[in-house]
Amino acid sequence: MDYENLLVSRQGRVEVLSMNRPKMLNALSMDLLTELNHALDAAIADAEVAVIVLTGEGRAFCAGADVGGSPADLPRDESGKLDLGAALETLYNPIVLKLRNAPKPVITAVNGLAAGAGAGFALAADLTVAARSAYFLQAFVHLGLMPDAGCTYTLAQALGPQRAMGLAMLGDKLSAEQAQQWGLIWDVQDDESLMEHSMALATRLAEGPRLALTNIKLAVRAGETGSMEAQLQMERELQRDCGQTQDFIEGAMAFAEKRSPRFQGR
């Protein structure tokens, strides 16, 4: 399917989704949000896609919601009052959940500014890789709003309440290097090597044991809120499933033969 605000390409078993409104710093219009939801659904459903990479065209990853339109275009409730939560429920939140819960690895390659909901999308991935010049910005407070698109959850989980509060309440920039030092993102790369490195990472994952990667994602996400007892039970069930795959047999044979495994995703 052709999109007006999104570029979609396939490299091997890696699907690359690139937000394509560079003149607007990839601000999230209703059309872009709709297209991104559709493209994520398609990539998740496609058995040939092993890894999803999300990035942005131009000098920004995503500047957040497109607030340049008329207030008359904003969603309203039945009484006529503004209802910003409606757009979150129907367009933004599904994207966050698809990025987090897709049964395959998701990488975000943050090539520049990631602000507002753009930061939420960037941080919803399994692995976030940022260009050295990139930065994250909780810009909501400057508009009289609070963070959304999962930012209050992601920041508090990764950084603790004090740093999450500071970023949300002050709305200051967080550099890519500081984000990595704080454990918010996986890696920082020089600007010119960001996509090369991100694609190499994606290809490496695409060649991995598919069910094991899916189950790793399930278990780590569950571990954010579950008890030790529940986690141990989940590990038991998921590890049993992994042990019944051909990939486990191949991995064990490769270990014994002192060679690299050749996983087939079975």
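What counts, and at which threshold
Residues numbered from 1 in each chain as written. Predicted model: local features only at pLDDT ≥ 70, side-chain atom pairs only at ≥ 80, totals over all residues. Heavy atoms only, no water. Core = buried A, V, L, I, M, F, W, Y, C linked by side-chain atoms within 4.5 Å. Buried < 20%, exposed > 50% of the residue type's maximum accessible area, 1.4 Å probe, protein only. Helix = DSSP H or I, 4+ residues; strand = E, 2+ residues; numbered from the N terminus. Contact = heavy atoms within 4.5 Å. Patch = residues over 30% accessible without salt bridge, like charges linked within 9 Å, V, L, I, M, F, W, Y side chains within 5 Å. Areas by Shrake-Rupley, 256 points an atom, 1.4 Å probe, with all protein chains shown as cover. Salt bridge = Lys/Arg side-chain N within 4 Å of Asp/Glu carboxyl O. 1 Å grid on protein atoms, 1.4 Å probe; cavity = no way out; pocket = protein on both sides within 12 Å on 5 of 7 lines; lining within 4 Å. Points joined across faces, edges and corners; volume = space filled by probe spheres on them. Nonpolar A, V, L, I, M, F, W, Y, C, P; charged D, E, K, R; others polar. Axes fitted to C-alpha atoms, helices over the stretch in contact; angles between N-to-C directions. Parallel < 35°, antiparallel > 145°, perpendicular 65-115°, else oblique. Left-handed = near helix turned anticlockwise from the far one by under 90°. Pairing = 2+ DSSP bridges. Expected span 1.5 Å × (residues − 1). Arc of directions from axis to C-beta.

A.B. asks: What's the story with the nonpolar core in this structure? I'm lost.
C.D. replies: Of all hydrophobic cores here, the largest spans 65 residues; its most connected members are Leu-28, Tyr-92, Phe-121 and Phe-136. Counting residues per element, this core draws most heavily on helix 2 (residues 84-101), which supplies 7 residues. Filtering out sequence-adjacent residues up to four positions away, Leu-28 remains in contact with Met-19, Arg-21, Leu-33, Cys-62, Gly-64, Ala-65, Asp-66, Tyr-92, Ala-117, Gly-118 and Phe-121.

A.B. asks: I tried to follow a nonpolar patch on the surface on my own but got confused; where do I start?
C.D. replies: A surface patch of nonpolar side chains, amounting to about 370 Å² of accessible area, comprises Val-67, Leu-84, Leu-143 and Leu-145. Counting through the fold element by element, Leu-143 comes out in the loop between strand 8 (135-137) and helix 4 (151-159).

A.B. asks: I would appreciate a short explanation of the layout of surface pockets in the present structure.
C.D. replies: Space left empty within the atom packing is revealed by a probe, the size of a water molecule, rolled over the atoms. Taken as a whole, the second largest pocket spans an internal volume of roughly 560 Å³. Lining the second largest pocket are 22 residues, and of these Ala-125, Asp-126, Leu-127, Val-220 and Arg-221 lie nearest its centre. Taken together, the elements giving at least two residues each to the lining of the second largest pocket come down to strand 7 (127-131), helix 4 and helix 8 (210-223). Counting residues per element, the lining of the second largest pocket draws most heavily on helix 8, which supplies 5 residues. Class assignment for the residues of the lining of the second largest pocket results in 13 nonpolar, 4 polar and 5 charged.

A.B. asks: Honestly, the packing of helix 4 against helix 5 (residues 161-170) in this entry has me stumped. Any pointers?
C.D. replies: Angle between the axes and distance between the axes: these two values describe a pair of packed helices. One can describe the packing of helix 4 onto helix 5 by two numbers: an axis separation of 7 Å at closest approach and a directional angle of 140 degrees. Accordingly, the angle class assigned to the pair helix 4 and helix 5 is oblique. Of the two possible hands of crossing, helix 4 and helix 5 adopt the one that is right-handed. In this structure, helix 4 contributes Leu-155, Ala-156 and Leu-159 to the contact, and helix 5 contributes Pro-161, Arg-163, Ala-164 and Leu-167. Residue composition of the contact of helix 4 with helix 5, by class: 6 nonpolar, no polar and 1 charged.

A.B. asks: Quick question: what am I supposed to make of the sheet that holds strand 4 (residues 60-62) here?
C.D. replies: Across a sheet, paired strands are connected by hydrogen bonds in the backbone, their directions being either parallel or antiparallel. Pairing within the open sheet is mixed, and its 4 strands lie in the order 4-6-8-9. Looking at strand neighbours, the two that pair on one side only are strand 4 and strand 9 (173-175), the edges of this open sheet. For this sheet, the mean inter-axis angle between neighbouring strands, taken without regard to orientation, is 20 degrees. In this sheet, strand 6 (residues 113-115) lies alongside strand 4 in parallel orientation, the contact comprising 2 bridges. Each residue of the ladder has a partner; that of Cys-62, found in strand 6, is Ala-114.

A.B. asks: What am I meant to see in helix 7 (residues 194-206) here?
C.D. replies: Side chains three or four residues apart in an α-helix point the same way, a direct result of the helix having 3.6 residues per turn. Along its 13 residues, helix 7 runs 18 Å from first to last C-alpha, staying within 8% of the 18 Å computed at 1.5 Å per residue. Leu-194, Ser-198, Met-199, Leu-201, Ala-202, Leu-205 and Ala-206 are the residues of helix 7 that are buried. For helix 7, the buried positions fall inside an angular range of 160 degrees around the axis, keeping them on one side. In this structure, helix 7 carries Glu-196 and Arg-204 as exposed residues pointing more than 90 degrees from its buried face.

A.B. asks: Just checking my understanding: could you explain the environment of Val-14 for this structure?
C.D. replies: Its location among the elements puts Val-14 in strand 2 (residues 14-19). On a C-alpha basis, the gap between Val-14 and Leu-123 in space is 19 Å, while along the polypeptide they are 109 residues apart. The residues contacting Val-14, other than those within four sequence positions of it, are Ser-9, Val-51, Val-53, Met-199, Ala-202, Thr-203 and Ala-206.

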